[in-house]
Amino acid sequence: MELTQNQIEQIHIKIGKNVKKIREKKGLSQLELALNLDYKSVSVVSLGEIYKNKKHFNIIQLAKISKVLNVSILEFFDGIDEIIKTS
């Protein structure tokens, strides 16, 4: 079974929204998160959170973000099952 391009994009969008929600709940700005990830600007975090220009987080970035935010990486995938089940 293959995922549609729309499902793939919706997955990236959902993950970005989950990262943003958790980051904000932890009280970190995009800049603070970016600096903790050793980035010099917020662009990677900002683009990944909003899935702009088809930029999204990769699994290594998500692992690092989960460590900085002190949460399970699984929290970023909340709601993905519903997207996958729709066809």
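The text that follows walks through the structure, step by step, so that each part is easy to find.

Reading the values: rules and limits
- Residues numbered from 1 in each chain as written.
- Predicted model: local features only at pLDDT ≥ 70, side-chain atom pairs only at ≥ 80, totals over all residues.
- Heavy atoms only, no water.
- Helix = DSSP H or I, 4+ residues; strand = E, 2+ residues; numbered from the N terminus.
- Contact = heavy atoms within 4.5 Å.
- Areas by Shrake-Rupley, 256 points an atom, 1.4 Å probe, with all protein chains shown as cover.
- Lys, Arg positive; Asp, Glu negative; His and termini not counted.
- Charge placed at Lys NZ, Arg CZ, Asp CG, Glu CD.
- Core = buried A, V, L, I, M, F, W, Y, C linked by side-chain atoms within 4.5 Å.
- Buried < 20%, exposed > 50% of the residue type's maximum accessible area, 1.4 Å probe, protein only.
- Axes fitted to C-alpha atoms, helices over the stretch in contact; angles between N-to-C directions.
- Parallel < 35°, antiparallel > 145°, perpendicular 65-115°, else oblique.
- Left-handed = near helix turned anticlockwise from the far one by under 90°.
- Nonpolar A, V, L, I, M, F, W, Y, C, P; charged D, E, K, R; others polar.

## Observations regarding the overall build of the protein chain
Argument step 1. Each helix and strand in the protein chain was counted, giving five helices and zero strands.
Argument step 2. The linear arrangement of helices and strands in the protein chain, starting from the amino end, is α-α-α-α-α.
Argument step 3. The principal-axis extent of the C-alpha atoms belonging to the protein chain is close to 40 × 25 × 20 Å.
Argument step 4. Nonlocal contacts in the protein chain, meaning residues at least 24 apart in sequence, comprise 61% of its contacts between residues at least 6 apart.
Argument step 5. Accessible surface, the protein chain: about 5800 Å² in total, of which carbon and sulfur atoms supply 54%.
Argument step 6. Charged side chains of the protein chain number 14 positive and 10 negative; the gap between the two group centres comes to 4 Å.

## Details of the nonpolar core
Argument step 1. Formed by 16 residues in total, the largest nonpolar core has its most connected members in Ile 15, Val 19, Leu 33, Leu 62, Ile 65, Leu 69 and Phe 76.
Argument step 2. Broken down by secondary-structure element, the contributors of at least two residues to this core are α1 (5–25), α2 (30–36), α4 (59–69) and α5 (80–85).
Argument step 3. Looking at this core, the element that brings in the most residues is α1, giving four residues.
Argument step 4. Excluding anything up to four places from it in sequence, Leu 33 contacts Arg 23, Leu 28, Val 45, Ile 65, Val 68 and Leu 69.

## Observations regarding the packing of α1 against α4
Argument step 1. It is at 11 Å that the axes of α1 and α4 come closest, and there the two elements cross at 15°. Regarding the angle of α1 to α4, the classification is roughly parallel. In the crossing of α1 with α4, the sense of the turn from one axis to the other is left-handed. Facing Ile 15, Val 19, Ile 22 and Arg 23 of α1, the residues of α4 in contact are Leu 62, Ile 65 and Leu 69.
Argument step 2. Its residues assigned to classes, the contact of α1 with α4 shows six nonpolar, no polar and one charged.

Geometric values such as these leave the question of function open.
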